Amino acid sequence: MTESAIIAAFMVIQFACLWAAVTFQKAKIGVMDEARVAAWATAIQYCSGSGDISGDIGQNVGDSGSGAAPDISGAQEQGGSSFGLGNDVFKDSGYPTVTKTRDAKFPNVIGGNSYTMVGKMHMRCNEPKKNDNGKKYFLIALGAGAIGALIASLI
């Protein structure tokens, strides 16, 4: 009888520890998923930014412990923005950071402590949509080809 009481008490503590581990992991995975969904909902949209990525590289190169970044000031004389490309490839489109929290409470048998899980996502927004007339030109060429084929079949 004594052995069964000892084993029962041990099993209750063991079950409480198992329950705490499952609760902790469920809260951790849940908050990471919530942060990911919220961040993607923001990042899928175009969000504006005004930073210059090449300038950021130059400012942060000291953190890496390497030498200075190459001087690209002459590249702008080549007709455009950063690296002389003449487009907004190196313009910052915005970086939303989404943080979500969720509480996980352990069973009272093993202390009943409460822990806060934090999930954080940081990603770049979509690029702004450029004016692309490719579909229009494709449909024009397709129509011209169809008309040409129709005329050729009649001759």
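Residues numbered from 1 in each chain as written. Predicted model: local features only at pLDDT ≥ 70, side-chain atom pairs only at ≥ 80, totals over all residues. Heavy atoms only, no water.

Participant: Give me the packing of aromatic side chains: which residues, what numbers.
Facilitator: On inspection of all chains with the given rule, the structure shows four aromatic pairs. The interplanar angle of 35 degrees and the centroid separation of 6.2 Å between the aromatic rings of Phe15 and Trp19 together place this pair among those described as tilted. Separated by four residues within a single helix, Phe15 and Trp19 lie in helix α1 (residues 2–43), roughly one turn from each other. With 6.3 Å between their ring centres and 70 degrees between their planes, Phe24 and Phe106 make a pair best called edge-to-face. With Phe24 in helix α1 and Phe106 in the loop between β1 (97–105) and β2 (114–122), this residue pair connects regions lying 82 residues apart in the sequence. Given a relative accessible area of 17%, Phe106 falls into the buried group. A connected cluster of aromatic rings, assembled from ring pairs, spans Phe24, Phe106 and Tyr115. (Phe/Tyr/Trp six-rings, centres within 6.5 Å; stacked < 30°, edge-to-face > 60°. Helix = DSSP H or I, 4+ residues; strand = E, 2+ residues; numbered from the N terminus. Buried < 20%, exposed > 50% of the residue type's maximum accessible area, 1.4 Å probe, protein only.)

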